[in-house]
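Observations on the model geometry
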Amino acid sequence: MVNQSKTLQTFTGSIIMEKEIQKKKLFTKNLLKWHGTNHRSMPWKGEKNPYLIWLSEIILQQTRVEQGLPYFEKFKSKYPTVRDLAHAPEDEVMKLWEGLGYYSRARNLHAAAKFITSDLNGIFPNEYDQIRNLKGVGPYTAAAIASFAFNLPFAVVDGNVYRVLSRYFGIDEPIDSSAGKKLFAQLAQELLDEKQPGNYNQAIMDFGATHCTPALPACSKCPMQIECSAFQNNTFDKLPVKSKKLKRTQRFFNYLIINQKDKIFIKKRKEKDIWQNLYDFPLIETGSLVEEQNFILKHKNWQRWMSGSTVNIQRVSAPMKQDLTHQRIVARFWEIELLGEYIPEMGNGWLTVIRENLEEYAFPKVIAVYLRQKLLTLELF
Ligand code: SF4
């Protein structure tokens, strides 16, 4: 009796395993078939130049294609080779990146271009581990470059891949847990068609971005329907699972736009904080939104910089917001006229620039928007 039940268990187990193998095979087959008639056309598609693939992948991290496309074109035409990028001045690279956000990407891109030019003789590495070691390149970008440029068998895993795989296989392991990350990375690698890794990676990225989308997946015309766990159980809106909720801290920035005749004061942000290497204005950070002029005037920074000066606070902007991954910045801009020849006591590193030359400097988005729109909407005083 015991032996019979063991045999039955083994038999059932091997049927389940066989089904899983079939399900995986069908996934790859149907995905590639879907891609044969549904691929997205993008300027970097089919590109074999690793430098341009790298550029497009870094630009597209946390960025929509429509937003990233003009930046890709600008970088490609300004810096056609990795050497051109390496030799560009840092301020110029940051300025070209302005508005795209996540500025560490631009800093890392520039640093890695310098490394390739000086240490690798300008030749882009052609092995996964070397690519992965470039500054700012994570496993996803390394797999994309390795497979697209060099046909190496490394599967990409990004938000699209998590979504597609969690739905198709009905996996509710949180994608932000280390167990979940490991599980999805292994599964993605197993599903990869090693004969055509670049094509397969492009297929799963396109499928996630255009077909199995977050809110409205096209289940009714999906070639995966019969095998798809989320479709069969109507759980597509519950997958993938995330364990942590994103927490954003709020910070309140009061920027002093100090005008002295045709001059204005700016500084490169060097401290270990957001927006490193971008420019901004004298900043007074407060714990909450400042509604009254006196608060700024009483602040220690103001007293240090401006004591002895004669100023005219002309207007203050309405609060403007910029959301970063972990922070929400609420910025107000205080337009101040500095009378006489007084030079504010702001220490080292400050630049006095002619106002109309401001556009030569790269600013965080919230400042760039303010300067562009001249959003002086609210006169408080
Ligand atoms: S059936 Fe729906 S949920 Fe399943 S893979 Fe297709 S589009 Fe995604």
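Quick caveat, the model's predicted, so the values are computed rather than measured.

**Description of the overall build of the chain**
Within the chain one finds 15 helices and eight strands. Taking 21 Å as the expected radius of gyration for a compact globule of 381 residues, we find that the chain reaches 27 Å, considerably beyond that expectation. Overall, the C-alpha framework of the chain stretches about 100 × 50 × 35 Å when taken along its three principal axes. Partitioning the contacts of the chain with sequence separation of at least 6, the portion at a separation of at least 24 is 70%.

**Looking at the pairing of strand 2 (residues 263-268)**
As paired elements, strand 1 (residues 249-260) and strand 2 share two bridges and run antiparallel to each other. Residue Gln260 lies in a different strand from strand 2, and its bridge partner there is Lys263. By the bridge criterion, five bridges tie strand 2 to strand 8 (residues 350-354) in an arrangement that is antiparallel. Counted as the bridge partner of Lys263 is Ile354 from strand 8. Here two bridges tie strand 2 to strand 3 (residues 279-280), and the two strands are oriented antiparallel to one another. Bridging across to strand 3, Lys267 finds its partner in Asp280.

**Digging into the domain arrangement of the chain**
Annotation of the chain at the domain level lists domain 1 (50-238) and domain 2 (249-373). Contact residues are listed per partner, giving 10 residues for domain 1 and nine residues for domain 2. Among the elements that take part in the side of domain 1 that touches domain 2, helix 5 (residues 90-97) stands out by supplying five residues, more than any other. Residues that form the side of domain 1 that touches domain 2 fall into these classes: three nonpolar, two polar and five charged.

**Considering the nonpolar core**
Counting residues in hydrophobic clusters, the biggest one holds 95 residues, and the most contacted among them are Ile145, Leu165 and Ala188. Top contributing element to this core by residue count: helix 2 (residues 50-60), with eight residues. Residue contributions to this core reach at least three from each of two domains, namely domain 1 (50-238) and domain 2 (249-373). When residues no more than four places from it in sequence are discounted, the contact partners of Leu165 are Ile171, Phe184, Leu187 and Ala188.

**A look at the pairing of strand 1**
As paired elements, strand 1 and strand 7 (residues 327-339) share 11 bridges and run parallel to each other. Residue pairing for strand 7: Thr249 is matched across the bridge by Gln327. Summarising the sheet, strand 1 and strand 4 (residues 283-286) pair through four bridges and their orientation is antiparallel. When the sheet's bridge partners are listed, Tyr255 is paired in strand 4 with Leu283.

**Overview of the confidence of the model for the chain**
With 94% of its residues at a pLDDT of at least 70, the chain reaches an overall mean of 89. When the criterion is pLDDT under 50, residues 375-381 qualifies, and its contacts beyond four places in sequence or with other chains add up to 16 contacts.

**Overview of helix 6 (residues 104-119)**
In this model helix 6 runs 22 Å from its N-terminal to its C-terminal C-alpha over 16 residues, within 8% of the 22 Å that 1.5 Å per residue would give. Those residues of helix 6 hidden inside the fold are in contact with helix 2, helix 4 (82-87) and helix 5. Phi turns positive one or two residues past the end of helix 6, at Asn121, with a value near 60°.

**Thoughts on the site of the ligand**
The environment of the ligand is formed by 14 residues, the closest being Cys212, Pro217, Cys219, Cys222 and Cys228. If you list the elements that add at least two residues to the shell around the ligand, you get helix 9 (159-169) and helix 12 (229-233). Residue composition of the shell around the ligand, by class: 11 nonpolar, two polar and one charged.

**Describing unusual backbone geometry**
Across the chain, the bulk of peptide bonds are trans and the bulk of non-glycine residues have phi less than zero. The step from Leu239 to Pro240 runs through a cis peptide bond, and the omega angle for that step is 0°. Within the secondary structure, Pro240 is located in the loop between helix 12 and strand 1. Although it is not a glycine, Asn121 sits at a positive phi angle of roughly 60°. If you trace the backbone, Asn121 turns up in the loop between helix 6 and helix 7 (128-132).

**A closer look at the packing of helix 2 against helix 8 (residues 139-150)**
At a minimum axis separation of 10 Å, helix 2 and helix 8 run at an interaxial angle of 145°. Two packed elements cross with a definite hand, and for helix 2 against helix 8 that hand is right-handed. Contacts between helix 2 and helix 8 pair Pro50, Ile53, Trp54, Glu57 and Ile58 from the former with Thr141, Ala144, Ile145, Phe148 and Ala149 from the latter. The residue makeup of the contact of helix 2 with helix 8, split by class, is eight nonpolar, one polar and one charged.

**Remarks on helix 2**
By the criterion of burial, helix 2 is predominantly enclosed, with 11 of the 11 residues buried. Along helix 2, the residues that are buried comprise Pro50, Tyr51, Leu52, Ile53, Trp54, Leu55, Ser56, Glu57, Ile58, Ile59 and Leu60. Where helix 2 is buried, its residues meet helix 3 (65-78), helix 4, helix 6 and helix 8.

**So, the environment of Ile266**
Structurally, Ile266 is set in strand 2. As a C-alpha pair, Ile266 and Phe150 span 116 residues in sequence and 45 Å in three-dimensional space. Contact partners of Ile266, with chain neighbours within four places excluded, come to Tyr279, Asp280, Phe281, Leu351, Val353 and Tyr361.

Calculation rules
Residues numbered from 1 in each chain as written. Predicted model: local features only at pLDDT ≥ 70, side-chain atom pairs only at ≥ 80, totals over all residues. Helix = DSSP H or I, 4+ residues; strand = E, 2+ residues; numbered from the N terminus. Rg over C-alpha atoms; globule rule 2.2 N^0.38 Å. Contact = placed C-beta atoms within 7 Å. Pairing = 2+ DSSP bridges. Domains from an automatic or database assignment. Nonpolar A, V, L, I, M, F, W, Y, C, P; charged D, E, K, R; others polar. Core = buried A, V, L, I, M, F, W, Y, C linked by C-beta atoms within 7 Å. Buried ≥ 20, exposed ≤ 12 C-beta atoms within 10 Å, placed from the backbone. pLDDT = per-residue confidence, 0-100. Expected span 1.5 Å × (residues − 1). Near = placed C-beta within 6 Å. Axes fitted to C-alpha atoms, helices over the stretch in contact; angles between N-to-C directions. Left-handed = near helix turned anticlockwise from the far one by under 90°.

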